[in-house]
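# Working through the structure, step by step
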Amino acid sequence: HHCSSSQTSPSGPFGSELSLTLQVQKHLEPFRLSLEKLQDVSARLRKDMIRGLGKHSHHRASVKMLPTFVRATPDGTEKGDFLALDLGGTNFRVLHVRVLEEEQRVLKMDSQICAIPQDIMLGTGEKLFDHIAACLAEFLDSQKLRGQTLPLGFTFSFPCEQKEIDKSILIRWTKGFNCSGVEGEDVVNLLKEAIHRRGDYDISSVAMVNDTVGTMMSCGYRDQSCEIGMIIGTGTNACYMEEMKNVKRVEGEDGRMCINTEWGGFGDDGCLKDVLTEFDEEVDKTSINPGVHTFEKMISGMYLGEIVRLVLLKLTEEKLLFRGCPSEALLTPGSFETRFISEIEEPDSGLENAKKILTKLDLDWDLVDACVARLVCDTVSSRSARLCAAALATIVNRIRINRGLDHLKTTVGVDGTVYRKHPNFSDELQAAVRLLAPKCDVTFLISEDGSGKGAAMVTAVAQRLALQSRLLEDSDGEDEEEEEEEKCDANI
Ligand code: BGC
């Protein structure tokens, strides 16, 4: 069999290191994106964002730019108790959150993680929502909250066409979910129906929130210049405050609205062909949603490990790793977890971690192999950080130009396992943003549980605005008189 130690090069394991490095580098070259390339990617995204915002062009836009009906960030007067559901990240969670006005703080009173078994992730929508309703019931009991009918913020981290804050139609599943009968349906309805099927408790108003929006809002309570939310976790996405006059699909010209960009879909029309590697194409083909969320598949935690595995496999086939001998594990899709990348790139313990992981994967490695594996991880995660930077730069540049500013100072609320856990992802991201958006001064704020607290915050802001608009409706008559007077004044 071709896998034997005699395959080691005649000059010994280290003898041909230089030529090995060159050959490995050749395979990694397609992952290295120059600054010019990133600028180009950013320019393409800018065009796609404009298309997504357009009244007619949005139908064929791969970057969907979804209106969220969140028109205001927190102003610090929000308060009350809320329930929150968080579906679509690493875990499904139920939370009880209290917003304290006096201290401008959001407290997580308690929370519970509920596992979602694979068969539910890929089963019927009815089963999924029954499961969610059951988890919520269990939580309400454990918190002795069943009697109170609290408002609920539902962080549902999938692309949804939102009609109102409490009407949200799933466009498509992403990130390993694929429940039947949910795409094209109103998620709030499905949740309410499941709760009614049980009939043993009820909830009051529901606000639907994408995790990016929750992240922006949870940071917004602390830092009111936070007007961008970004997730780099299982999936990737960002939202930001756009001028209403540019949101052609929603009536009204004044003020701003938070737009959920769904940048994960960037490239779905083929515009990133020149950036994709053979490994990206393979990841896409074997995913449960081939052909969609192209950008996400180059960046997010659900896919990074698999890209690395495919590269390691290729290098093994080319006899540049493990003496040309792949293990069963290395041949198995999904066996190289994304968290391995973070562990292998750890500045101090990285090489030791690499050895442990390669052993765990049943590979016959030497020191050079461990170093090459580390190089592969670094290359794949750097590309992810730099692509994210290009996309984020597009947003901050847009906000700056929208506002006619020479210089913009802004804050991005960020969350996600890749951003949080990887040793230098955030540094690389920031460095590249600085180069790609030189006129913007961008501060990154790690969100403290944006999907939980942020969802409560959105619900609280929605309530505050509903209350305020009710007050305005009450005083309708007087307003009109005042307006008339103003008009007269203007005429004089
Ligand atoms: C979803 C987004 C979400 C992102 C991060 C993507 O797959 O389409 O809605 O914000 O993942 O969780």
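Just so you know, these numbers come straight off a predicted model, no measurement behind them. (Residues numbered from 1 in each chain as written. Predicted model: local features only at pLDDT ≥ 70, side-chain atom pairs only at ≥ 80, totals over all residues. Heavy atoms only, no water.)

Moving on: the site of the ligand. The ligand sits among 15 residues. The nearest are Thr 174, Asn 210, Asp 211, Glu 262 and Glu 296. A distance of 2.8 Å separates an oxygen atom of the ligand from a polar side-chain atom of Thr 174. In the model, an oxygen atom of the ligand is placed 2.5 Å from a nitrogen or oxygen of the Asp 211 side chain. Here the ligand, which alone exposes 310 Å², has 99% of that area covered by the protein. Elements supplying a minimum of two residues to the shell around the ligand: helix H6 (211-220) and strand E10 (236-243). A breakdown of the residues in the shell around the ligand according to their chemical character gives three nonpolar, eight polar and four charged. Counting only domains with at least three residues in the shell around the ligand, you end up with domain 1 (34-66 + 224-446) and domain 2 (68-223 + 448-466). (Near = heavy atom within 4 Å. Polar contact = N/O pair within 3.5 Å; in protein donor to acceptor, adjacent residues only side chain to side chain. Areas by Shrake-Rupley, 256 points an atom, 1.4 Å probe, with all protein chains shown as cover. Helix = DSSP H or I, 4+ residues; strand = E, 2+ residues; numbered from the N terminus. Nonpolar A, V, L, I, M, F, W, Y, C, P; charged D, E, K, R; others polar. Domains from an automatic or database assignment.)

Glancing now at the UniProt feature "domain: Hexokinase C-terminal" (unreviewed entry) in the protein chain. UniProt's entry tags residues 227-461 with the feature "domain: Hexokinase C-terminal" (unreviewed entry), counted in the numbering of this structure. In the segment residues 227-461, helix accounts for 49% and strand for 14%; the C-alpha atoms at its two ends are 15 Å apart. (UniProt positions renumbered as here; feature names shortened; annotations may be inferred.)

Another aspect to go through is the packing of aromatic side chains. The final tally for this structure, using the stated rule, is 10 aromatic pairs. Between Phe 31 and Phe 279, the aromatic rings sit 5.7 Å apart at their centres with planes inclined by 15°, giving stacked as the arrangement. Remark: Phe 279 occurs in helix H7 (residues 278-286) and Phe 31 occurs in the loop between helix H1 (17-28) and helix H2 (35-53); sequence separation between them is 248 residues. Taken individually, Phe 31 and Phe 279 each receive the classification buried, so the pair is uniform in this respect. One aromatic cluster is present, built from ring pairs that chain together Phe 154, Phe 156, Phe 158, Trp 173 and Phe 177. In this structure, Lys 175 packs its charged tip against the face of Phe 158, placed 4.8 Å from the ring centre. (Phe/Tyr/Trp six-rings, centres within 6.5 Å; stacked < 30°, edge-to-face > 60°. Buried < 20%, exposed > 50% of the residue type's maximum accessible area, 1.4 Å probe, protein only. Lys NZ or Arg CZ within 6 Å of the ring centre and 35° of its normal.)

All right, on to the domain arrangement of the protein chain then. When the parts come together, some accessible area is lost, and that loss is often what is quoted as the size of the interface. Per the domain assignment, the segments of the protein chain are domain 1 (34-66 + 224-446) and domain 2 (68-223 + 448-466). Taking only C-alpha atoms into account, the centre of domain 1 sits 26 Å from that of domain 2. Listed per partner, the contact involves 42 residues of domain 1 and 39 residues of domain 2. Counting each side, the surface lost to burial between domain 1 and domain 2 is near 2,900 Å², with a carbon and sulfur contribution of 57%. Along the contact surface separating domain 1 from domain 2 lie two salt bridges. For Glu 161, the salt bridge identified is with Arg 249, shortest N-O distance 2.6 Å. (Contact = heavy atoms within 4.5 Å. Buried area = accessible area lost by both parts, 1.4 Å probe. Salt bridge = Lys/Arg side-chain N within 4 Å of Asp/Glu carboxyl O.)

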